[in-house]
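Structural features, examined
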Amino acid sequence: MAISQHCRRFLSALVWLTLGVSAVSLLLAKHVTAWWPLLVVLFFAVSLALYQLCEKAKKKNIRTFYNTYMASTFVKLIVYLAILLVYSLNFKEDSKHFMLTFLAYYLIYSVFETYQLVKKTKNE
């Protein structure tokens, strides 16, 4: 299966974003959770999976794309809140750093995903 040009660009931008987030996290190692490498992998994988899901939905029609995007965003938010809750209940001493790191990554990757999908939708 051939990868489209836009998919390659998205993947390339996602890799660069992840490398940048990792570099900043290394520089701020005292202020982020020790779990940041795992969080970076999580956000990378979720972003890639949701992009592929939305691309598949867009091939059907634009309404399916919008419904898929909204539903996936809702599910992602619920799962992320559950992760934060479980972690904070089990690791109270690191919960502040974990939550702040998680929130920063969530905002960065959400803005990136939204920008990429809007840019793609406008071009078509």
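Residues numbered from 1 in each chain as written. Predicted model: local features only at pLDDT ≥ 70, side-chain atom pairs only at ≥ 80, totals over all residues. Heavy atoms only, no water.

Along the chain, the regular secondary structure elements total 4 helices and 0 strands. For the chain, the succession of helices and strands along the chain, N to C, is α-α-α-α. A separation of at least 24 residues holds for 74% of the contacts in the chain among residues at least 6 apart in sequence. On the chain, roughly 8200 Å² of surface is accessible, and the fraction owed to carbon and sulfur atoms is 73%. Each charge class in the chain can be summarised by its mean position, and for the 14 positive and 5 negative side chains these summaries are 9 Å apart. (Helix = DSSP H or I, 4+ residues; strand = E, 2+ residues; numbered from the N terminus. Contact = heavy atoms within 4.5 Å. Areas by Shrake-Rupley, 256 points an atom, 1.4 Å probe, with all protein chains shown as cover. Lys, Arg positive; Asp, Glu negative; His and termini not counted. Charge placed at Lys NZ, Arg CZ, Asp CG, Glu CD.)

In the structure shown here, the tally under the stated rule is 13 aromatic pairs. Residues Phe 10 and Tyr 51 carry aromatic rings whose centres are separated by 3.9 Å and whose planes lie at 5° to one another, so their mutual orientation is stacked. Of the two residues, Phe 10 sits in helix H1 (residues 5-27) while Tyr 51 sits in helix H2 (residues 36-60), which places them 41 residues apart along the sequence. Summarising the burial analysis for this pair, Phe 10 and Tyr 51 share the class buried. Ring geometry for Tyr 80 against Tyr 106: centres 5.7 Å apart, planes inclined by 90°, an arrangement best described as edge-to-face. Here the residue Tyr 80 occupies a position in helix H3 (residues 62-90), and Tyr 106 occupies one in helix H4 (residues 95-123), the gap between them amounting to 26 residues. On the accessibility criterion, Tyr 80 (5% relative accessible area) is buried. The rings of Phe 43, Tyr 80, Tyr 87, Phe 91, Phe 98, Phe 102, Tyr 105, Tyr 106 and Tyr 109 are connected pair by pair, giving a single aromatic cluster. (Phe/Tyr/Trp six-rings, centres within 6.5 Å; stacked < 30°, edge-to-face > 60°. Buried < 20%, exposed > 50% of the residue type's maximum accessible area, 1.4 Å probe, protein only.)

Our focus in this paragraph is the confidence of the model for the chain. Counting all residues, the mean pLDDT for the chain is 89, and 94% of those residues have values of 70 or more. The element-level mean pLDDT for the chain is lowest in H4, coming to 88, with H3 highest at 92. (pLDDT = per-residue confidence, 0-100.)

A contiguous nonpolar patch, built from Phe 74, Val 75, Leu 77, Ile 78, Val 79 and Leu 81 and spanning about 540 Å² of accessible area, is present on the exposed surface. Mapped onto the secondary structure, Val 75 falls in helix H3. Val 75 gets classed as partly exposed once you look at its relative accessible area, which sits at 48%. (Patch = residues over 30% accessible without salt bridge, like charges linked within 9 Å, V, L, I, M, F, W, Y side chains within 5 Å. Salt bridge = Lys/Arg side-chain N within 4 Å of Asp/Glu carboxyl O.)

On to the side chain of Thr 33. When you line up the elements, Thr 33 lands in the loop between H1 and H2. Not counting the four nearest positions on each side in its chain, Thr 33 is found in contact with Leu 39, Tyr 87, Asp 94, His 97, Phe 98 and Thr 101.

Attention now goes to the pattern of salt bridges. Scanning all chains against the criterion turns up 1 salt bridge. Here Lys 76 makes a salt bridge to Glu 113, at a shortest N to O gap of 2.8 Å. Highlighted residues: Lys 76 in helix H3 and Glu 113 in helix H4, separated in sequence by 37 residues. Its relative accessible area of 8% is what places Lys 76 among the buried residues. Note on Glu 113: relative accessible area 8%, which makes it buried.

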